[in-house]
Amino acid sequence: MNSVFNLFPEQASSISSEIDLLYLFILIVSVVFTLLAAFLVIFFAVKYRRRSEDDRPEPPHADSKLEIAAGAFLLVLLMGMFFWGAKLYFKGNRPPSDAMEVLVTGKQWMWKLQHPNGKREINTLHVPLGVPVKLTMTSEDVIHSFFIPAFRVKNDVLPGRYTQVWFEPVKAGRYDLFCTEYCGNEHSRMVGWVEVMEPADYERWLSIGTTAAASTAAGGGPGESPVDAGARLFAELGCVTCHNQNSGALGPNLTGVFGREETMTDGSVVTVDENYLRESILNSQAKIVAGYAPIMPVFKGLINEDQLAQIIAYIKSLNDNGTDG
Amino acid sequence: MTMNTVATDNPVPAGSEKHYLTNGHTLSSWLFTVDHKRIGILYLISLVVFFLLGGAAAVLFRLDLMTPAGDLLRSETYNKLFTMHGIVMIFFFLIPSIPAVLGNFLLPIMLGTRDVAFPKLNLLSWYVFMAGGLLALFAIVFGGVDSGWTFYTPYSTMYANSNVILAVCGAFIAGFSSIMTALNFVVTIHKMRAPGLTWFRLPLFVWAMYATSLVVLLGTPVVAITLVMIFVERLLHFGIFDPALGGDPVLFQHLFWFYSHPAVYIMILPSMGVVSELISAFSRRRIYGYKFVAYSSLAIAVIGFFVWGHHMFVSSQSVYAGLIFSFLTFFVAVPTAIKILNWTMTLYKGSVSLQAPMLYAFGFLGLFTIGGMTGLFLSTMATDIHLHDTYFVVAHFHYVMVGGGVMGFLGGLHFWWPKMTGRMYPEGWAIFAAIVIFVGFNLTFFPQFQLGYHGMPRRYHEYASQFQILHVMSTAGASILGFGYLIMTGYLIWSLKFGKVAGSNPWGARGLEWETTSPPPTENFLVTPVVKHEAYAYDVPSETSDVQEPRPEQHNV
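Counting restarts for each chain, with residues numbered from 1 along the sequence as it is written. Chain labels run from A onward and ligand labels from 1 onward, assigned in the order the entries are written. At least 70 in pLDDT is required for a residue's local features to be given in this predicted model, at least 80 for side-chain atom pairs to be given and counted, and no such filter applies to totals for whole chains, interfaces and linings, which use all residues. No hydrogens and no water enter the side-chain calculation; it runs on all heavy atoms of the structure.

### Some thoughts on the pattern of salt bridges
Our working rule: Any carboxyl oxygen of Asp or Glu that lies within 4 Å of a side-chain nitrogen of Lys or Arg is treated as forming a salt bridge with it. For helices the rule is a DSSP run of H or I covering at least 4 residues; for strands it is a run of E covering at least 2, with both sets numbered from the N terminus onward. Only protein chains enter the calculation, and the probe is 1.4 Å; a residue is then buried if its accessible area is under 20% of its type maximum, exposed if over 50%, and partly exposed in between.
Using the criterion set out here, one finds 22 salt bridges over all chains in the structure. Residue Glu236(A) pairs with Arg232(A) through a salt bridge whose shortest N-O separation is 3.3 Å. Taken as a pair, Glu236(A) and Arg232(A) lie in helix α5 (residues 226–236) at a separation of four residues, close to a single helical turn. Given the relative accessible area of 54%, Glu236(A) is considered exposed. Ionic pairing is found between Lys80(B) and Glu76(B), a salt bridge with its closest N-O pair at 3.3 Å. With Lys80(B) and Glu76(B) both in helix α4 (residues 75–94) and four residues apart, this pair spans about one turn of that helix. Judged by relative accessible area, Glu76(B) falls into the partly exposed class, the value being 31%. Among the charged side chains, a network of salt bridges with common partners joins Glu101(A), Lys134(A), Glu274(A) and Lys316(A).

Shown next as structure tokens:
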């Protein structure tokens with residue numbers, strides 16, 4: 001195990017070493033300035049120590065030049081830090097479009113995860129080495145936060161909306177997974193592991209099928225992928241009655257809708273993402289696409305988080321294969 | 001600062017009958033006093049009690065953290081203890097500490113006036129503070145609170161099974177006490193300065209009190225209304241923050257940090273003011289760049305209101321909002337860093353005397369510099385993602401708020417102790433305690449930076465075993481730190497009876513407060529002083545030309 005006395009913890013994702021380099025830069029700046037300040041304070045305190053009770057030093061002649069010069073120098077240095085940090089942050093914020101998507105649900109006090117083929121697990125996340133993975137996360141109760149120190153990634157997991165984290169593992173192994181937003185009594189037990197496996201091992205692991213315990217706890221049919229489950233729900237709940245490709249359909253055709261900009265009845269423009277779909281299903285009257293009547297029923301309380309995630313996964317899948325909506 | 005008072009012409013020996021401490025010996029003479037000095041002492045005693053309670057909670061959970069499994073406490077107890085530590089230390093110690101104790105005691109004396117503008121309001125503020133504090137303590141003793149001092153929703157409103165409502169009410173009520181004190185200070189500084197005491201002759205401590213009071217007046221109402229919203233959602237189930245009721249959980253964080261980030265400046269600006277006084281007095285010269293230091297307090301107070309979102313880089317706030325908050329945060333760093341330069345340059349060619357208050361000022365410089373520098377890791381977005389809510393943050397804000405805030409408070413307490421009590425503290429013990437506290441503090445909190453970068457989350461009762469060695473170091477440091485505080489409490493109490501009698505001006509300092517007797521008379525000055533110099537006129541010998549005839553009339557009484 002990597003010792004806590006090493007400067008850096010394990011570097012297991014594609015951005016780990018980049019974050020560490022920035023950390024090292026700020027660390028060097030900090031150490032240099034702290035030592036400089038400490039040296040000057042001690043040096044002046046010794047050199048100008050009071051030699052007699054009658055010492056009456058001249059008042060300082062400050063003409064602001066030193067302050068302005070120091071301020072300007074610091075500002076340049078700090079702006080450099082700001083831009084470096086912001087650039088890296090945006091990189092860490094934008095998942096590649098081909099990232100594999102895993103659904104994550106946090107609840108007091110466990111992590112429930114579901115892979116693209118429908119396989120579920122609890123508190124352990126298996127991912128293939130070298131493949132970008134995007135986690136779409138939500139919470140069933142309070143705010144949690146999903147943190148993998150070895151990957152240098154973290155994001156809060158909120159009730160009532162989706163947030164995401166993405167990473168590309170670069171080193172096989174087993175890494176800590178922590179909840180980092182205080183969530184009640186057993187907050188410190190809301191922990192788990194991330195297992196980074198060789199892609200072939202991951203495929204083998206995926207095909208073994210779900211463990212009985214995980215699928216029972218998480219609900220939903222074992223082995224059914226989120227997209228398939230979503231398609232089933234889309235038919236069962238009658239969504240397809242209005243959302244189809246027929247001209248004159250009562251609802252918008254959902255094929256290719258994900259990621260598109262749509263104009264609403266009030267003239268505002270909204271990008272269709274997970275959070276917009278979520279709101280439009282649960283609270284359908286909130287933002288309606290221009291040209292359609294507010295006739296869709298409200299599904300809040302009729303479907304659970306898992307089913308909602310499955311329907312959204314299905315709608316997103318319509319972008320890839322262009323099948324009927 | 002040179003002026004003429006009856007006090008300097010006819011010095012009253014300390015310990016004699018006539019000063020504020022001897023003006024009534026009954027309990028009611030204290031409980032119904034409107035003397036700002038006695039109110040300062042009431043606050044001092046109350047705050048010491050709160051500090052010891054908050055510290056005791058920290059001792060318990062630090063002992064528990066010696067083992068990864070947390071063998072000493074149950075999770076529930078652990079969570080209640082860290083919540084108690086945060087609520088007590090922040091709302092009932094750090095926020096009031098310097099303004100309510102040193103500010104109350106010194107501000108009118110530094111301004112050469114008899115009292116604050118509204119003495120009865122000042123007394124009321126203490127009662128309101130105690131009501132809030134006792135309510136919070138009641139909540140903690142009878143069942144406890146486990147929401148963390150940050151009260152994040154929807155946990156605090158819909159899920160916590162503890163006395164959240166009572167604790168929220170305690171913090172809400174205590175807020176009014178802050179507002180009353182701040183209002184009093186602003187009016188007093190504007191309207192009651194002695195003749196000749198212009199704004200740029202004011203001590204930097206007064207400037208710091210002024211900037212702090214503005215932050216309190218603008219920020220506290222926002223947190224008050226936020227706490228009311230918690231109350232309304234928790235009791236009446238109005239959906240404000242919980243999405244299950246149609247609310248927005250992130251809204252709470254915006255409202256909370258809109259106050260609670262400026263609150264960091266409420267804790268640190270007064271300490272900067274104290275340190276300016278200490279460094280000036282123990283170098284015998286004006287602070288290098290007086291105007292810059294005075295204005296930068298105001299600048300920090302203003303910019304401090306626009307950076308709250310840097311607490312929320314991983315909260316799902318817009319990435320562009322995060323970008324702006326990160327950018328503005330770096331702007332606060334500049335005036336803060338230049339202040340450290342000003343203090344350092346004051347020593348250059350000064351006449352430096354390393355007595356205990358100066359050691360605390362040096363402690364402040366060292367610890368606050370580390371606190372400020374580690375803030376850069378957290379204002380940089382990419383590194384904050386990794387560090388957010390880990391022990392790195394815990395270490396950072398302890399370096400700022402304890403290393404900065406408490407070191408300033410203790411330095412000021414030692415510096416003005418002879419003025420407040422008429423007795424000197426024992427210098428040898430004080431230097432020993434200052435060193436023990438400095439070493440203990442660093443051993444407690446420095447390992448926590450490393451814990452944080454290696455991924456140890458905060459508020460964890462149990463933790464992964466690789467972190468144990470650093471936790472053991474931290475607990476060892478906390479024991480040393482606690483020992484240092486106890487030594488200090490011991491010798492300060494001892495000095496009340498056995499300390500050497502202090503003269504009016506044991507440090508040879510030039511502030512107005514040193515021109516009156518120690519302890520001061522109830523009226524502070526028997527004749528209103530006329531100020532002819534700034535508070536740092538060390539180059540003008542006090543015995544010379546400035547002395548003029550006492551003015552017979554009294555102002556501002």
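### As for the sheet that holds strand β7 (residues 153–157) of chain A
Residues and elements named next belong to chain A. The test is simple: Two strands are said to pair when DSSP picks up at least two bridges between them. Convention adopted: a line fitted to C-alpha atoms gives each axis, helices being fitted over their contacting stretch, and angles between N-to-C directions are expressed from 0 to 180 degrees.
Taken together, the five strands give an open sheet; going across it, the order is β4-β10-β9-β6-β7, and neighbouring strands pair in mixed fashion. Both outer strands of the open sheet, β4 (124–128) and β7, are each paired with one neighbouring strand and no more. Averaged over all neighbouring strand pairs, the angle between strand axes comes to 20°, with direction disregarded. Of the pairings in the sheet, the one linking strand β6 (residues 144–148) to β7 comprises five bridges and is antiparallel in character. Bridging from a neighbouring strand, His144 pairs with Val157 of β7.

### Section: the interface of chain B and chain A
The following threshold applies: In this analysis, two residues are considered to be in contact whenever any of their non-hydrogen atoms come within 4.5 Å of each other. We define a polar contact as two N or O atoms separated by no more than 3.5 Å, with the added condition that, inside protein, one atom must be a possible hydrogen donor and the other a possible acceptor, whereas residues neighbouring each other in sequence contribute only through side-chain atom pairs. Note on residue classes: Ala, Val, Leu, Ile, Met, Phe, Trp, Tyr, Cys and Pro are nonpolar, Asp, Glu, Lys and Arg are charged, and everything else, Gly too, is polar.
Each side of the interface is counted separately: chain B has 90 residues, and chain A has 85 residues. Here Arg284(B) makes a salt bridge to Glu53(A), at a shortest N to O gap of 3.0 Å. At the boundary of chain B and chain A, one finds 30 residue pairs in polar contact (both at pLDDT 80 or more). Mapped onto the side of chain B that touches chain A, the elements with two or more residues apiece are α4, α7 (155–159), α10 (249–283), α12 (319–347), α13 (356–379), α14 (381–387), α16 (427–453) and α17 (468–498) of chain B. With 16 residues, the top contributor of residues to the side of chain B that touches chain A is α12(B). Per-class residue counts for the side of chain B that touches chain A are 51 nonpolar, 27 polar and 12 charged.

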